[in-house]
Amino acid sequence: MSIELQPEAQSAVDLPQLNRRLRPSAKAPVRIVHLGLGAFHRSHQAWFTHQASDAADWGIAAFTGRRPDAALALAEQDGLFTVVERADDGDSFTVVSSIVEAADGADVQRLAELVAAPATAVVTLTITEAAYRLGADGHLDRTASDVVADLAVLASGSGNPTTPLGRLVLALAARRAAGAGPLAVVCCDNLSNNGTVAHNAVAGMAGAWDAGLAEWINANISFVSTSVDRITPRTTDADIAAVQAACGYRDNSPVVAEPFSNWVLSGDFPAGRPRWEDAGAVFVADIEPYENRKLRLLNGAHSLLAYAGQLRGHTTVAQALADPLCLQAVEKFWDEAEANLSGPDGNAADLQIPAYRAALLARFSNARIAHHLAQIAMDGSTKLRMRAVPVLQAERAAGRSGAAAALMIAAWMDYSAAAAAFQDPLADQVAAANRLSGTERIRALLGLVDPALAGDAVVVELIADLCGTFEELAVSP
Ligand code: CS2
């Protein structure tokens, strides 16, 4: 009797692992240091760098955030990994070789060594919106407990900082001491004016430690603003198995992304940069119109779907969008957002919003991308400040209610009280606010997102009325 082996069972044992022997590719010299080695970095900045015509000159040393796992896995493969571009009608696979060193973020000494190296020209960041530790005034919150702890470490001159900001500040101090000159810090997190935010956070942290370092940073470090875009869900075991089956090798770090990708950048690169434009990156003088379009239309709809969709019992973006109640809420929010967007040179038509909206509907509906709402729901108190608050404020200033933007905030509030696992930098304060009731609860929760709005009785009442809109089904655990 013969036994037929399943192809997966065979491949798990027999297939070779992806590495630079299996796929020979020279390691480019490190000229980019990245903080925040995760799926998005791999599908976006690493992918753009890999596609650049001068890729052979630009290697990335990527550091993880809290855990070393992603670096350990990637290091086993000499930095190689597969980008799976998942379209409605099938997958395509690219082995990306731009990451030449993957390191544990806790290895601050290596980080400092690389940032201080004269060859290093660019530091890119995907450290999450919340990691910039901005207070409601747009400046570094020096009272945040991890900021306080890192400042104490920096002041003592012994031990290692644990926040990405603290680590970067220490590394920049090493560059200053080495006399290695200017470089560009390129923020790739979804924040309005993200270059300014990164500047305020880094210079704020440096200044609280050493005024001379802050001055040196202001004079030598260019903070480039960017709008980054590529839907990239977390990699699953099924994705790993799919790569194995399709590519004939084992890859412990593949990343699945939509075919669409976009990168708009604005700012100086005093020590040079790769030709990212070869992969479609766009360099502009005024980034704000593009950034606001992306943050409010794409990310705003994402947050709305994350809270409304989960309250309605959905798990993924595509599922939530197929629910007419969620779709209607998104369309109404887009109408409000669109009314307050202005284009480059004040010409809103240049932003091609109708086409952008249609494209977003198509991208969100890609059911082959399982983009989990729970992943998007994280860190809502920070995200809503960029995604809902500016639209609500603009609508109020124009004499309208801003009800669609307010509904996003109301859905977040409902979700914060119902979610089995609520992840947020202000989770403790949110839990405390949720122990209050009625208007007091709404005001306290709103105060965590935007204190000024919490002082507006009309807005508080509007949000109180909107709470409960989506709570027809319980949040799935
Ligand atoms: C999402 C983004 O998780 C989130 O907050 O809105 O990660 C989004 O998928 C990307 O910005 C798309 O470019």
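Everything here concerns the structure above.
Residues numbered from 1 in each chain as written. Predicted model: local features only at pLDDT ≥ 70, side-chain atom pairs only at ≥ 80, totals over all residues. Heavy atoms only, no water.

Peer 1: Is there a simple way to think about the sheet that holds strand 11 (residues 282-283) in this case?
Peer 2: The pairing of strands in a sheet comes from backbone hydrogen bonds and takes either a parallel or an antiparallel form. The eight strands lie next to each other as 5-2-1-6-7-8-10-11, forming an open sheet whose pairing is mixed. Of all strands in the sheet, those bounded by a partner on one side alone are strand 5 (99-103) and strand 11. Sheet topology places strand 1 (residues 30-35) next to strand 6 (residues 122-125); four bridges connect them, and they run parallel. Paired with Leu35 across the two strands is Leu125, which belongs to strand 6. Seen against the sheet, helix 9 (residues 211-220) touches strand 7 (183-187) and strand 8 (221-229) and runs at an angle of roughly 65° to strand 8. (Pairing = 2+ DSSP bridges. Helix = DSSP H or I, 4+ residues; strand = E, 2+ residues; numbered from the N terminus. Contact = heavy atoms within 4.5 Å. Axes fitted to C-alpha atoms, helices over the stretch in contact; angles between N-to-C directions.)

Peer 1: Please clarify how the nonpolar core should be interpreted in this entry.
Peer 2: When a protein is soluble and globular, its nonpolar side chains tend to lie buried together. Residues Leu305, Phe333, Phe364, Trp412, Met413, Leu446 and Ile463 are the most contacted members of the largest nonpolar core, which totals 71 residues. Ranked by residue count, the leading element in this core is helix 18 (residues 403-418), at 11 residues. Built from parts of two domains, this core gets at least three residues from each of domain 1 (7-283) and domain 2 (288-466). Leaving out residues up to four positions away in the same chain, Met413 has contacts with Asn434, Arg441, Ile442, Leu445, Leu446, Ile463 and Cys467. Formed by 45 residues, the second largest nonpolar core is a distinct cluster that contains Leu35, Phe63, Ala103 and Cys187. (Core = buried A, V, L, I, M, F, W, Y, C linked by side-chain atoms within 4.5 Å. Buried < 20%, exposed > 50% of the residue type's maximum accessible area, 1.4 Å probe, protein only. Domains from an automatic or database assignment.)

Peer 1: Can you help me understand the packing of aromatic side chains in this one?
Peer 2: Two aromatic rings are characterised by how far apart their centres lie and by the angle between their planes. Scanning all chains against the criterion turns up eight aromatic pairs. Centroid distance Tyr307 to Tyr415: 5.3 Å. Interplanar angle 50°. Geometry classified as tilted. With Tyr307 in helix 11 (residues 288-311) and Tyr415 in helix 18, the pair connects residues that are 108 residues apart, well separated along the chain. In this pair, the class of Tyr307 matches that of Tyr415, namely buried. With 6.2 Å between their ring centres and 55° between their planes, Tyr415 and Phe422 make a pair best called tilted. (Phe/Tyr/Trp six-rings, centres within 6.5 Å; stacked < 30°, edge-to-face > 60°.)

Peer 1: Which parts of the structure should I look at to understand the sheet that holds strand 3 (residues 81-87)?
Peer 2: Taking strand neighbours across the sheet as the criterion, the three strands line up as 4-3-9 in an open arrangement whose pairing is mixed. Single-partner strands in this sheet number two, and they are strand 4 (90-96) and strand 9 (255-257). Adjacent strand axes in the sheet meet at a mean angle of 25°, parallel and antiparallel pairs treated alike. Across three bridges, strand 3 lies against strand 9 in parallel orientation. By the bridge assignment, Val84 is partnered in strand 9 with Val256. Across the face of the sheet, helix 10 (residues 237-247) comes into contact with strand 3, strand 4 and strand 9 while running at roughly 95° to strand 3.

Peer 1: How do you make sense of the site of the ligand when you look at a structure like this?
Peer 2: Every residue lining the ligand is accounted for by Asn190, Val228, Asp229, Arg230, Lys294, Leu298, Asn299, His302, His371, Ile376, Lys383 and Arg387. For the ligand, an oxygen atom lies 2.8 Å from a polar atom in the side chain of His302. In the environment of the ligand, an oxygen atom lies 2.9 Å from a nitrogen or oxygen atom belonging to the side chain of Arg387. Here the ligand has 350 Å² of accessible area as a free molecule, and 89% of this is covered by the chains. (Near = heavy atom within 4 Å. Polar contact = N/O pair within 3.5 Å; in protein donor to acceptor, adjacent residues only side chain to side chain. Areas by Shrake-Rupley, 256 points an atom, 1.4 Å probe, with all protein chains shown as cover.)

Peer 1: Explanation requested: the pattern of salt bridges in the structure shown.
Peer 2: Should the charged atoms of two oppositely charged side chains come close, the side chains can pair. For the structure shown, the criterion picks out 21 salt bridges. For Asp278, the salt bridge goes to Arg275, with nearest N and O atoms at 2.9 Å. For Asp278, a relative accessible area of 33% corresponds to the partly exposed category. In this structure, Asp456 engages Arg396 in a salt bridge whose closest nitrogen and oxygen atoms are separated by 2.8 Å. Taken together, the positions of Asp456 in the loop between helix 21 (451-454) and helix 22 (457-466) and Arg396 in helix 17 (residues 389-397) put the pair 60 residues apart, joining distant regions of the chain. (Salt bridge = Lys/Arg side-chain N within 4 Å of Asp/Glu carboxyl O.)

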